[in-house]
Each structure stands twice: as structure tokens, then as C-alpha cells.
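The chain contents come next:
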Amino acid sequence: MNESASTDIPVTAGDADYRDGGLRFPADFTFGSATASYQIEGAFDEDGRGPSIWDTFSKTPGKVFNGDTGDVADDHYHRLDEDLDLMASLNLQAYRFSIAWPRIQPTGRGPANQAGLDFYGRLIDGLLARGIKPVATLYHWDLPQALEDEGGWLSRSTSEAFADYARIVGEAFGDRVHTWTTMNEPWCSAYLGYGSGAHAPGIMSAEGALKAVHHLNLGHGLAVLALREVVTNDPQFSITLNLHSIRGHGPTGAEAARQISALANRAFTGPLLKGAYPDDLLDDTKDVTDWSFVKDGDLPVINQPIDVLGVNYYSTVTVTVWDGVSPRESADGHQNVGGSPWPGAERVEFLVQPGPYTEMGWNIDPSGLLDLLTSLRDEFPDQALMITENGAAFADTVTDGAVHDDLRIDYLRRHVTAAHRAIEAGVDLRGYFVWSLMDNFEWSLGYSKRFGIVRVDYDTLERLPKDSAHWYAALAGTNVIPA
């Protein structure tokens, strides 16, 4: 794995800070980029699209920074061809996008909205015409508001509606999509949307968060079954999880890490990959819920074989058991708006970690990515993995018509190096998707944080590739970390 890309590219391997260069990835390793529908598309009320929970949430005073909404976002809906050409210019081998459920079914039920299907058909065909693999995510948080009005992910009927939606989309694009990802980060949908209230729909309920966990898991399984019935090519099936890289601190660190691992990671990998919720999760949360919403037959449905497990990684967390006396630290990387994303874990505290930090306040630690990937290799040795999101927000500035984002390049170099080391350690890692292609609507933080390798001027909507985009284009064009 450590051979140089060519005789004139030096290899620097084994840097203690993960700043390697010249390392070559396997020829079949995929470098791509990722976005999400509500964050970039705009056109919120055009061509039959119905409202989503994020339309409602962002227009509720006080929920999103500066009162920002995704009404226009990056206007990707109207600038599709321009953005496709941009992807090609950056040598992207794959593009991970999400389909807006309310653009396909405005109320989450009923027949397909043809204009919505037409848009994604143009996107998929445009990718294929440029030699870019389409990776379609069915759900990146924009639940139709009409379904939320019926209970949202607190109701198993939403899981069933999701399967119907998956079937519609699978019938439309099941001859062209390379990889189907059912859901992006169900942890966020469940724990931030129904537990802490920091994300749409803004509900604060410990039991509700766990109900949502199960119904999201169930929706995944039902969607995979529906897709398999209708697709006609031989696609990959996947789900993307934001699995937490957890470090325990002090004599009680191991116990705290166990409990957070159960909530953050094993509440998903247990039923998805093993067919059962972990016993310690059920015991830890017995005072929150009796889990009676898990019905007979649910777990085999959830436990569908998948071809690749998507892993999103940005930073680590460090935990210990709170002593109940000293001020309790809560540096879990998420906004505190009153509720908790950790049902049943009141005794765990999240410690402030050493920097450096991104603009999100998240620590920069590529060893956490390596640790996470190798731990998944150990627990699920036969499961292929894909890094479906990794990136950083920094306070970019335009200088003489350019964005010299050296901090982002350094972040990406170090984490791509961690990915390379994981492959060397025997991890079946298939690809890496940088988050994000463009600056965009960063959920409850509005437009205040910029993750893109391409800058978007929110006044003119002009796209400007940053230095990191040129660096990434060199990586994606050669499968070699630029020296």
C-alpha cells in the first residue's frame, strides 16, 4: 500500500500527526463528495414539492440561527447542470446526494410527483454522462410535514410509508443508481429531533427518542426489502451511521463509554447487523421505556444484509461517570436547547477535549477515525465500510478571488491518511466522501458554518472552488494523497 504513485512523487508515510503524502489507494477505492437535499436544493415550494419538517422548523422563530431557512439554499435545483460540471471538474468518482421525500410524495403518501422524479432523473443521468457513480440517500432528515403531523418517527406507520416511498424511487431509478443508502445518521433524526429538540421536529422526549430509533431502524429494513423487489441492476445497499468514537476517562471511563456506546452506536448496529438490541441498552433505559414498541417480527426485518456500512466521522467524545457534585460537563458536540440526546444516561458527562478545533467547536483527531474503523473491523469482520462523510467547517475568507483554506486541506490530509492506515490494518474500506461539495444550510446553525470545498456566495450564489477543492481534485484524479 505504501508504494509511491510514480517515481517522481515522494512517499511520506507514518507521520505521527497523520500528515502523510504520496500514499496510493487501491485502484477500486472511490473518492467522492456528498450533499443533502434540504441543505442545497432550494425551490422549496416549486414543482409540487410539499413542506418538510425542516421547512416548518426553520421558519419557527428561534429555532435556526439568524432565522435562516433552506428556501433558496444553494439553488441547486435551478443550477443542476452547472453543479454537475463542477463535480466533473473536481474528478469526483461518485456523488452522494439525498432525495427529498416531499419532492417525490408531497404528503409522504400517495402517487409520485412526476416533476420530482424528473429532477432526480436528470441528476442521475447527468452523473452517469460524466462518469460519476450515483449514490442515492433516501432520507437525509426532510420528513414530509404531513407525516410528522400523524406522529412522525414516533409512529410505525411512518416506517411503512417510507417503504412505499422507497419502492416508488426504486422503480424510477433502479436501473441506474450504483448505491442505495436508506438513511443518513438516524442517530441525529432520533436523538436530536425527538430527544433534545435541537433539530426538526424539535420534540423533547426521552422515550420518544428511543421510539424514533426503532422506527427508523424498521424503516431501513422495510426500505431495503422494497428496493430489492423493484431494482433491475445490481446495486449496493447501505445505511449511513454517525458512529461515535468514544474515549473513556479515568476509573469510571469504561462504564461511561459502555453506556454511550449502547445509545450512540449499538442501538443501530445491534439490530441492523446482529438482529437484536443490546441487553445493556435495554437495561440502561428500562426507566425510560419498556420497549413495547418493538413488535414480533420487527428485528428480522431490520436485520437485512447490506453490502456496505456508511460511516460518518468528524470528531471524538470523551466521557466519564459524573460524580453528582461538581459542575457537570456536557461537551458532546451538540447544541443544548433544553432536552437531552442521551436518554437514561444522566450520570454520564462529556468532557471538554483538547484542541485544535474546527469552527463547529469539534476537536480534530484523525486517530479517532482510525480507531473507529478498526473497531468495526474487529466486531464485524465481514462487513465492508465506506466513509460517507468527513470534513470540517472553518471561517473561510476570499482573498484576491481565491479561498486559501489551508486548515481544511490539513484536516482532509490527516483523515485521508487515517483511512489509508485503516486499509493497511485490514479494514475493508471501499471509499471516502468529503463533506461537503459546497457550503450550504447547516441545519440549526443556518448559513453560519461553511463545510464546503467549494465556496458559495449566498448573495450571488456564485460557486468558487477553494484551495481544498483543487487538492481534493488531485487526490480523486490519481487516488494518491498529494505530496
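Residues numbered from 1 in each chain as written. Predicted model: local features only at pLDDT ≥ 70, side-chain atom pairs only at ≥ 80, totals over all residues. Heavy atoms only, no water.

## Here's the deal with the UniProt feature "active site" (unreviewed entry) in the chain
- Residues annotated by UniProt as "active site" (unreviewed entry) correspond here to Glu185 and Glu389. Spatially, the listed residues are clustered: although they cover 205 residues, their C-alpha atoms lie within 10.3 Å of one another.
- Note on placement: glutamate 185 falls in the loop between β4 (179-184) and α8 (186-196).
- With relative accessibility at 7%, the residue glutamate 185 sits in the buried group.
- In contact with glutamate 185, not counting residues within four places along its chain, are Trp141, Thr240, Asn242, Asn312, Tyr314 and Glu389.
- Here glutamate 389 is in contact with Arg96, His140, Asn184, Glu185, Val311, Asn312, Tyr313, Tyr314, Phe433 and Trp435, once residues within four sequence places are set aside.
- Polar side-chain contacts of glutamate 389 include one of 3.3 Å to the side chain of arginine 96. (UniProt positions renumbered as here; feature names shortened; annotations may be inferred. Helix = DSSP H or I, 4+ residues; strand = E, 2+ residues; numbered from the N terminus. Buried < 20%, exposed > 50% of the residue type's maximum accessible area, 1.4 Å probe, protein only. Contact = heavy atoms within 4.5 Å. Polar contact = N/O pair within 3.5 Å; in protein donor to acceptor, adjacent residues only side chain to side chain.)

## Here's the deal with the packing of aromatic side chains
- Counting across every chain of the model gives 34 aromatic pairs.
- Seen in terms of ring centroids, tyrosine 38 and tryptophan 443 are 6.3 Å apart; in terms of plane orientation they differ by 20 degrees. Their pairing is stacked. With tyrosine 38 in helix α1 (residues 37-40) and tryptophan 443 in the loop between β11 (429-435) and β12 (454-456), the pair connects residues that are 405 residues apart, well separated along the chain. Each member of the pair, tyrosine 38 together with tryptophan 443, is buried.
- Feature note: the residues Tyr38, Trp54, Phe57, Trp141, Phe441, Trp443, Tyr447 and Tyr458 constitute an aromatic cluster, connected by ring pairs.
- Of note, arginine 228 hangs over the ring of phenylalanine 237, and the distance from its end group to the ring centre comes to 4.8 Å.
- One cation-aromatic arrangement involves arginine 328 over tryptophan 322; the distance from NZ or CZ to the ring centre is 5.8 Å. (Phe/Tyr/Trp six-rings, centres within 6.5 Å; stacked < 30°, edge-to-face > 60°. Lys NZ or Arg CZ within 6 Å of the ring centre and 35° of its normal.)

## Things to note about unusual backbone geometry
- Glycine 355 connects to proline 356 through a cis peptide bond whose omega is 10 degrees.
- Within the element layout of this structure, proline 356 appears in the loop between β9 (348-350) and α13 (366-379).
- The linkage connecting tryptophan 435 with the following residue, serine 436, adopts the cis geometry, with an omega of 5 degrees.
- With respect to the helices, strands and loops of the structure, serine 436 is situated in the loop between β11 and β12.
- Here the phi dihedral of aspartate 47 falls at roughly 55 degrees; this positive angle occurs in a residue that is not glycine.
- Residue placement: aspartate 47 occurs in the loop between α1 and α2 (53-58).
- Classification of aspartate 47 as partly exposed rests on a relative accessible area of 42%.
- Notably, leucine 461 is not glycine yet its phi reads approximately 65 degrees, a positive angle.
- Looking at the element boundaries, leucine 461 is found in the loop between β12 and β13 (463-465).

## Concerning the sheet that holds β11
- Around the barrel, eight strands lie side by side as β1-β2-β3-β4-β5-β7-β10-β11; this closed barrel has parallel pairing. Within the sheet, the average angular offset between the axes of one strand and its neighbour, ignoring direction, is 25 degrees.
- Both β4 and strand β5 (residues 236-241) contribute to a ladder of four bridges, which runs parallel. Its bridge partner lying in β5, threonine 179 is registered against glutamine 236. (Pairing = 2+ DSSP bridges. Axes fitted to C-alpha atoms, helices over the stretch in contact; angles between N-to-C directions.)

## Describing helix α9 (residues 206-230)
- Here α9 is 25 residues long and its end C-alpha atoms lie 37 Å apart, about the 36 Å a rise of 1.5 Å per residue gives.
- With respect to burial, α9 is a largely interior element, 18 of its 25 residues being buried.
- In this structure serine 205 caps α9, since a side-chain oxygen of it lies 2.8 Å from the backbone nitrogen of glycine 208. (Expected span 1.5 Å × (residues − 1).)

## Here's the deal with the pattern of salt bridges
- Summed over the entire model, instances satisfying the criterion amount to 33 salt bridges.
- With a closest N to O distance of 2.7 Å, arginine 430 and aspartate 428 form a salt bridge.
- We classify aspartate 428 as partly exposed; its relative accessible area is 33%.
- One continuous salt-bridge network, built from bridges that share partners, spans Glu255, Arg258, Arg266, Asp280, Asp284 and Arg347. (Salt bridge = Lys/Arg side-chain N within 4 Å of Asp/Glu carboxyl O.)

## Observations regarding the sheet that holds strand β6 (residues 245-248)
- Read across the sheet, three strands follow the order β6-β8-β9 without closing on themselves; strand pairing throughout is mixed. Every other strand in the sheet has two partners, leaving β6 and β9 as the edge strands with one partner each. On average, adjacent strands in this sheet sit at an angle of 35 degrees to one another, irrespective of strand direction.
- Here β6 pairs with strand β8 (residues 316-321) via four bridges, running parallel. Along β8, the bridge assignment pairs isoleucine 246 with valine 317.
- Docked against the sheet, helix α10 (residues 253-274) engages β6, β8 and β9, running at close to 125 degrees with respect to β8.
- Seen against the sheet, α13 touches β6 and β8 and runs at an angle of roughly 100 degrees to β6.

## Examining the UniProt feature "binding site: substrate" (unreviewed entry) in the chain
- Look at the UniProt record and you will see "binding site: substrate" (unreviewed entry) annotated at Gln39, His140, Asn184, Tyr314, Trp435, Glu442 and Trp443.
- Locating histidine 140 in the fold gives a position in the loop between β3 (133-139) and α6 (145-149).
- Looking at histidine 140, the relative accessible area reads 2%, which means it is buried.
- Beyond its immediate sequence surroundings of up to four residues, histidine 140 is in contact with Thr35, Ala36, Gln39, Ser98, Asn184, Glu389, Trp435 and Trp443.
- Structurally, the position occupied by glutamate 442 is in the loop between β11 and β12.
- Those residues in contact with glutamate 442, other than ones at most four positions away along the chain, are Gln39, Met360, Trp435, Lys449 and Phe451.

## Considerations on the side chain of aspartate 439
- As for its position among the elements, aspartate 439 is in the loop between β11 and β12.
- A polar atom in the side chain of aspartate 439 sits 2.6 Å from the side chain of arginine 450.
- Within polar-contact distance, the side chain of aspartate 439 engages the side chain of lysine 466 at 2.9 Å.
- Excluding its chain neighbours within four sequence positions, the residues that come into contact with aspartate 439 are Asp74, Arg450, Phe451, Gly452, Val454, Arg455, Val456, Tyr458 and Lys466.

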